[in-house]
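Chain and residue survey
Single-letter residue listing:
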Amino acid sequence: MLSIEDSLWPLTAALKILGFHVGPNRKSRSNRYSICLLLTGCLMVLSTVGLHCTSFIGGVLRLKANEIGPNGTNLTTTKLLNIGIEHLNYTWVLIGVHVTFFVVSLTANWTQLWDTLVLIEESLNFNSGFYIKCRRSVIFGFILLFIDSVSQFFISIQSFYWDMGVLRPAAIVLSNLSRTTIISVFLLFCVLARVITLIFQGLNEQIDHMDEPQKFSPLYSGSRVLNVRLEKWRRNHTLACKLVDMVNQCFGLVMVITVVNVFVSFITTTFEIVSSIQEDDTIPLVFVSIFIKKSILLTIIIYEPYCLQAEVSRTAVSLRKIHPLTADLLTQIKLNTVVVEVTHASPKITAMEFFDVNLRLLPTLIGSTLTYVAILHQVSSHSH
């Protein structure tokens, strides 16, 4: 029998290996399993914090002592500060996301999210097409994860960031493992957003067939059957909205850290690229690579919540189109009440309610990035 947990198995198994509890709560799991998972997670978190803090401090001290950039050129005060901020930004997102998600995976909200997902699965009875789409999302995400990990590994080998003497090989391996862990968390967020989008698609398909008279039982009136269907749909919609709230509670802080990281990276990398073009220097490929990868990350993170919001908007529109000829007054009142409830619910992915994770982020980030780059460019011109 197919299940959502089985469809997401490659991703959930990888996260369990990295020390995260993923999946519904099961009483059959032994205490030894839970303790091993906890110890593995703590070890991974400590290695991430220790490695990246040490590397950041060492990298900043080298830059301050030599005042020479990655390409061997002398750095102005503005460029030195800019590179230091990018190093801090890189360290901050890896440590912040890892620690935050590890803590979240130990909370009741995380377990409740998976339990709610199981309840929805039991209530909606998904067809095989639903699980195939879930599996495709995971496979596509793993392909992107593999490409990112391989490219980042070769970049880290050539980077001076991990100059730690004899510990350099171990540092490179651990740093890439840590980065893969963070990308896996982003992948899990996107996959869960995709699953919720598919759930709302299923709810919308139920609306389209809710008032079909040929499916009414001859033993009951059309109004009674519609009432039963509407009440069942209402419970499923409530569970779907609760699932969105659980995702927001579990991934809210992760989204705040991620969007702030992308915003800062846009500023630092754009400034370095523009400065290199203006001074007729070689464009730093490291910063170009960072800019491209952050753009891809932001696009993927925004796209799935955007699709979810589109399906949610279609739900209220589909409900308003129901005009059953056999419905009595009470059924019509109940239908109107459900329409109002759905319109007011309007579930969406947010970052701790600071901002919505959707397409509106793009013009905001682009405008703010250009503003800060212009300010940095003016400061850099005066420092020459």
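In the block above lies the structure referred to throughout.
Another aspect to go through is the side chain of K294. Examined against the element boundaries, K294 turns out to sit in helix α9 (residues 285–320). We note that K294 is buried and unpaired, the nearest opposite charge coming from E86 at a distance of 5.9 Å. At 2.5 Å, the side chain of K294 and the side chain of N261 are in polar contact. Dropping the residues within four chain positions of it, K294 is found in contact with N261, V262, S265 and F266.

Applying the stated criterion across every chain, the model contains 12 aromatic pairs. Relative to F251, the ring of F101 lies with its centre 5.6 Å away and its plane at 35°, an arrangement referred to as tilted. Here F101, found in helix α4 (residues 77–104), pairs with F251, found in helix α8 (residues 222–278); they are 150 residues apart in sequence, far enough to count as distant. Each member of the pair, F101 as well as F251, carries the same accessibility label: buried. Ring geometry for F126 versus F130: centroids 3.8 Å apart, planes at 10°, classification stacked.

It is worth spelling out the pattern of salt bridges at this point. Note on pairing: side chains with opposite charge can pair once their charged atoms come close. With the rule as written, the count across this model stands at 6 salt bridges. D148 is the salt-bridge partner of R179, the closest N and O atoms lying 2.3 Å from each other. Here D148 lies in helix α6 (residues 128–158) and R179 lies in helix α7 (residues 168–208), a separation of 31 residues in the sequence. For the pair R179 and D148, one class covers both residues: buried. A salt bridge links E311 to R314, with the shortest nitrogen-to-oxygen separation between them at 3.2 Å. Taken together, the positions of E311 and R314, both in helix α9 and 3 residues apart, correspond to about one turn of that helix. Residue R314 is classed as partly exposed on the basis of its relative accessible area of 35%.

Before going further, it helps to examine unusual backbone geometry. With phi around 55°, M352 is a residue other than glycine that occupies positive phi space. Considering the arrangement of structural elements, one finds M352 in the loop between α10 (329–345) and α11 (361–383). The exposure class assigned to M352 is partly exposed, which follows from its relative accessible area of 43%. The phi dihedral of E353 falls on the positive side, at around 65°, and the residue is not glycine. Tracing the sequence through the fold places E353 in the loop between α10 and α11. Taking the relative accessible area as the measure of exposure, E353 reaches 73% and is therefore exposed.

Scoring rules and cut-offs
- Residues numbered from 1 in each chain as written.
- Predicted model: local features only at pLDDT ≥ 70, side-chain atom pairs only at ≥ 80, totals over all residues.
- Heavy atoms only, no water.
- Helix = DSSP H or I, 4+ residues; strand = E, 2+ residues; numbered from the N terminus.
- Buried < 20%, exposed > 50% of the residue type's maximum accessible area, 1.4 Å probe, protein only.
- Lys, Arg positive; Asp, Glu negative; His and termini not counted.
- Salt bridge = Lys/Arg side-chain N within 4 Å of Asp/Glu carboxyl O.
- Polar contact = N/O pair within 3.5 Å; in protein donor to acceptor, adjacent residues only side chain to side chain.
- Contact = heavy atoms within 4.5 Å.
- Phe/Tyr/Trp six-rings, centres within 6.5 Å; stacked < 30°, edge-to-face > 60°.

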